[in-house]
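# Geometric and topological summary
Take a look at the letters that make up each chain.
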Amino acid sequence: SKSRLIAQNPNKELNPTKVTISHSGGGTVVSSISFPPENMLDRVPNTLWAEIIFSDSPILQKYIPCGSDTTEITVFGPIIFIDIDFNIAEPINNLKFLPYSKYPIKVLDVCYKESRSESAWKPIKDFVSSTTAPVFGYFKLNFDLVIASQIRLVICQETYSYHTYHLPKSIVYN
């Protein structure tokens, strides 16, 4: 996945201190030092975050959205948690996310913490997991204003590529 994420406030620039990426599902994760997570928020159009997750078999897992005890979302692919920490609590009412990917991205969840001392993530009121957006289209997630010191965007990529290689007998038995 390659991504650009913009948390917007029309009155001022946001001051993120740290972007952390974590994964659920998959095998080997290949991160690039040329495309670190911080590139998602630098507002430079030519920079981005990029990672590749390899797996030997299709990934099937369940995700429980924050604030839910009963809802389960079945996901066919890796789940990526994008955590953004701010210097100070910020008023936020939308996120704009531009995936650059061979396969479509799905937004599973958006949640936040008002302060760093909170242990549980709070759900964004009335957020519903999105249907898959166009590959080259923006996700624009609008919601009621929240004051957040941390915000979490949970995404997945529900496509798995199968590759079958046919080798000639001369190579296999040589």
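Rules of the game
- Residues numbered from 1 in each chain as written.
- Predicted model: local features only at pLDDT ≥ 70, side-chain atom pairs only at ≥ 80, totals over all residues.
- Heavy atoms only, no water.
- pLDDT = per-residue confidence, 0-100.
- Helix = DSSP H or I, 4+ residues; strand = E, 2+ residues; numbered from the N terminus.
- Contact = heavy atoms within 4.5 Å.
- Salt bridge = Lys/Arg side-chain N within 4 Å of Asp/Glu carboxyl O.
- Buried < 20%, exposed > 50% of the residue type's maximum accessible area, 1.4 Å probe, protein only.
- Disulfide = S-S within 2.5 Å.
- Phe/Tyr/Trp six-rings, centres within 6.5 Å; stacked < 30°, edge-to-face > 60°.
- Core = buried A, V, L, I, M, F, W, Y, C linked by side-chain atoms within 4.5 Å.
- Pairing = 2+ DSSP bridges.

### Observations regarding the confidence of the model for the protein
In the predicted model, the protein carries a mean pLDDT of 76, and the fraction of residues at 70 or more is 68%. Highest mean pLDDT in the protein belongs to strand β9 (residues 122-123) (93); lowest belongs to strand β1 (residues 2-7) (46). For the stretch residues 1-12, pLDDT sits under 50, and the model shows 52 contacts to residues farther than four places along the chain or on other chains.

### Concerning the environment of F86
When you line up the elements, F86 lands in strand β7 (residues 79-100). Remark: the alpha-carbon pair of F86 and A148, spanning 62 residues in sequence, is separated by 8.0 Å.

### Some words on the pattern of salt bridges
Counting across every chain of the model gives 3 salt bridges. The partner of D83 in a salt bridge is R152, with the nearest N and O atoms 2.6 Å apart. A residue pair is termed long-range when its members are at least 10 positions apart, and D83 in strand β7 and R152 in strand β10 (residues 139-156) qualify at 69 residues. Its relative accessible area of 11% is what places D83 among the buried residues.

### Considerations on the state of the cysteines
One pass over the full model with this rule turns up 0 disulfides. Free cysteine: C111, not disulfide-bonded; nearest cysteine sulfur from C66 at 3.2 Å. For C111, a relative accessible area of 1% corresponds to the buried category.

### Points about the packing of aromatic side chains
This model, assessed by the stated rule, comprises 1 aromatic pair. Note on Y63 and F81: the rings are 6.2 Å apart at their centroids and 50° apart in plane angle, and the pair reads as tilted. Taken together, the residues span a long stretch of sequence, with Y63 in strand β5 (residues 61-63) and F81 in strand β7 at a distance of 18 residues. Taken as a pair, Y63 and F81 share a single burial class, namely buried.

### Here we look at the nonpolar core
Among the nonpolar cores identified, the biggest contains 22 residues, and I82, V110, I151, L153 and I155 are the most heavily contacted of them. Within the residue set of this core, elements represented by two or more residues are β2 (16-24), β7, β8 (106-113) and β10. By residue number, the principal contributor to this core is β10, which donates 8 residues. Residue contacts for V110: discarding those within four places in its chain leaves C66, L95, P123, I124, F127, L141, I151, R152 and L153. Core analysis: the next-biggest nonpolar cluster, separate from the first, contains 8 residues, Y63, I73, V75 and V154 among them.

### As for the pairing of β10
It is a general feature of regular strands that their side chains alternate between the two faces of the sheet. Burial analysis of β10 places 13 of its 18 residues in the buried class, which makes it a mostly covered element. As defined by bridge partners, β8 adjoins β10 across 7 bridges and the pair is classed as antiparallel. What sits directly across from V110, in β10, is L153.

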